[in-house]
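# Coordinate inspection notes
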Amino acid sequence: MGNLIKVLGKDLENCPHFFLDFENAQPTEAETAVWNQVSAVLEEAHGILAELQSYNGAGQEIREAIQNPSDLQLQEKAWNAVCPLVAKLKRFYEFSLRLENALRSLLEALTSPPYAPMQHLEREQALAKQFAEILHFTLSFDELKMTNPAIQNDFSYYRRTISRNRLNNQQLDAENEVNNEMANRMSLFYAEATPMLKTLSNATTKFVSENKTLPIEDTTDCLSTMACVCRVMLETPEYRCRFTNTDTMLFCMRVMVGVIILYDHVHPVGAFAKTSKIDMKGCIKVLKEQPSNSVEGLLNALRYTTRHLNDDSTSKQIRAMLQ
């Protein structure tokens, strides 16, 4: 069992509770192949977040170019400012595709017969940790994207300029890097309020639909178990004190919210129904006990990126907790 410890006296019906060591779990020999594949993707994640965090946009150059349409020098200045930014946005988008493949590999490993999802999490803690790291990255990326309108503005200006020059039969060098098809795909990606979360939700839904022989419960049980793991670690002082890194609290909260959203997108009745295997009241309560500045983005993710919050099956109490 390693660091995975059953929590006594807290069990909800059909909802297992574990302590999972997100800080120190190391891959066993059986996990190594998938772990190495996913690790190669996750190594890029920190750099992607750093680039996004420092993304300032070309707002001033674009405004000057729009206000002075006949000034070719300002048009060129704006174009030269936007092109390297669009190259960054392309890298972010392409990373989302790699992240999607990594998630699929983890889902296959954590739901494959003959073991139940709960047994997989006991046996393959390093893969569970990587799954958590993908969710942590995803919510971190989307929080940064939502608070940076420059991304949409820069890309819109880029597309308008490309279209205008195409009408004038001018070919711009940047088109070789971001052609029309790629620009269309990127436009759909960045039009989402939470593009990385949308990518993971779609990937999880696709994984379930393509694996007809795998019961949907195997996937949703994996997600609900992870939600329980995180909630218990957050609300239990003797577990919280085991965290050696001060960021692990936020890590746990992001992971918990991420698996709730995936569960809500994949499960037929979602995370908020009475039959859900996730204790939504408990999860929301844990979030609301934290400083509001650290969790408001996570509460908004539950409010605005879940599918079933406004269903009739969602209790008034849960809706009120998220107002």
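Residues numbered from 1 in each chain as written. Predicted model: local features only at pLDDT ≥ 70, side-chain atom pairs only at ≥ 80, totals over all residues. Heavy atoms only, no water.

Note the cut-off: UniProt positions are given in the numbering used here, feature names are shortened, and annotations may be inferred rather than shown by experiment.
Under an unreviewed UniProt entry, the name given to the chain is CYRIA/CYRIB Rac1 binding domain-containing protein, and the source organism is Albula goreensis. The heading Subcellular location (unreviewed entry) in the UniProt record of the chain holds the text "Membrane".

## Comments concerning the pattern of salt bridges
Our working rule: Counted as salt bridges are all cases of a side-chain nitrogen of Lys or Arg within 4 Å of a carboxyl oxygen of Asp or Glu. Only runs of H or I of at least four residues qualify as helices and only runs of E of at least two qualify as strands under DSSP, and these elements are numbered from the N terminus. Only protein chains enter the area calculation, which uses a 1.4 Å probe; residues under 20% of their type maximum are buried, those over 50% are exposed, and those in between are partly exposed.
Applying the stated criterion across every chain, the model contains 14 salt bridges. Notably, a salt bridge pairs Arg254 with Glu143, separated by 3.1 Å at the nearest N-O pair. Pair noted here: Arg254 is in helix H12 (residues 248–266) and Glu143 is in helix H5 (residues 125–146), with a separation of 111 residues, a long-range link. When its relative accessible area of 23% is taken as the criterion, Glu143 is described as partly exposed.

## Digging into the packing of helix H13 (residues 280–288) against helix H14 (residues 292–304)
The condition is simple: Lines fitted to C-alpha atoms define the axes here, with helix axes fitted over just the stretch in contact, and angles between the N-to-C directions of these axes take values from 0 to 180 degrees. What sets the label is the angle itself: under 35 degrees gives roughly parallel, over 145 gives roughly antiparallel, 65 to 115 gives roughly perpendicular, and the rest give oblique. Should any heavy atoms of two residues lie within 4.5 Å, those residues are considered in contact.
Contact pair H13 / H14: the axes reach a minimum separation of 10 Å and the direction vectors enclose 155 degrees. Comparing the axis directions of H13 and H14 gives the class roughly antiparallel. Contacts from Ile284, Leu287 and Lys288 in H13 reach Val295, Leu298, Leu299 and Leu302 in H14.

## Structural notes on the state of the cysteines
For clarity, the threshold we go by: Any two cysteine sulfur atoms within 2.5 Å of one another count as a disulfide.
Following the criterion strictly, the structure yields zero disulfides and no others. Cys230 takes part in no disulfide bond, and the closest cysteine sulfur to it belongs to Cys252, at a distance of 4.8 Å. Here Cys230 falls in the buried class, since its relative accessible area comes to 0%. In this model Cys283 remains outside any disulfide bridge; the closest cysteine sulfur is found in Cys228, 6.9 Å from its own.

## Overview of the environment of Ser209
Defined as follows: Under this definition, polar contacts are N or O atom pairs within 3.5 Å; protein pairs additionally need one hydrogen-donor-capable and one acceptor-capable atom, and for neighbouring residues in sequence, both atoms have to be side-chain atoms.
Structurally, Ser209 can be placed in helix H9 (residues 195–210). Within the structure, the side chain of Ser209 is placed 2.9 Å from the backbone oxygen of Lys206, a separation counted as a polar contact.

## Considering H12
Under the convention used in this document: Helices are assigned an expected span. That span is 1.5 Å times one less than the residue count.
Between its first and last C-alpha atoms H12 spans 27 Å; for 19 residues at 1.5 Å apiece the expected length is 27 Å, and the two agree. With 17 of 19 residues buried, H12 lies mostly within the body of the structure.

## Describing the nonpolar core
How we decide: Residue types Ala, Val, Leu, Ile, Met, Phe, Trp, Tyr and Cys, when buried and joined through side-chain atoms within 4.5 Å, form a set referred to as a nonpolar core.
By size, the foremost hydrophobic cluster in this structure holds 99 residues, and its most contacted members are Phe22, Phe131, Phe137, Met186, Met226, Ile260 and Leu287. No other element matches the 18 residues that helix H3 (residues 72–111) contributes to this core.

## Let's talk about the packing of aromatic side chains
Convention followed: In this scheme Phe, Tyr and Trp rings, the latter by its six-membered ring, pair at centre separations within 6.5 Å, and the angle between planes marks the pair as stacked below 30 degrees, edge-to-face above 60, and tilted otherwise.
This model, assessed by the stated rule, comprises nine aromatic pairs. Judged by centre distance (5.4 Å) and plane angle (5 degrees), the ring pair of Trp79 and Tyr158 falls under stacked. On the criterion of sequence distance, the pair formed by Trp79 in helix H3 and Tyr158 in helix H6 (residues 150–167) is long-range, its members being 79 residues apart. Each member of the pair, Trp79 as well as Tyr158, is classed as buried. Residues Phe95 and Phe137 carry aromatic rings whose centres are separated by 5.2 Å and whose planes lie at 75 degrees to one another, so their mutual orientation is edge-to-face. Placement of Phe95 in helix H3 and of Phe137 in helix H5 is noted, with a sequence separation of 42 residues between them.

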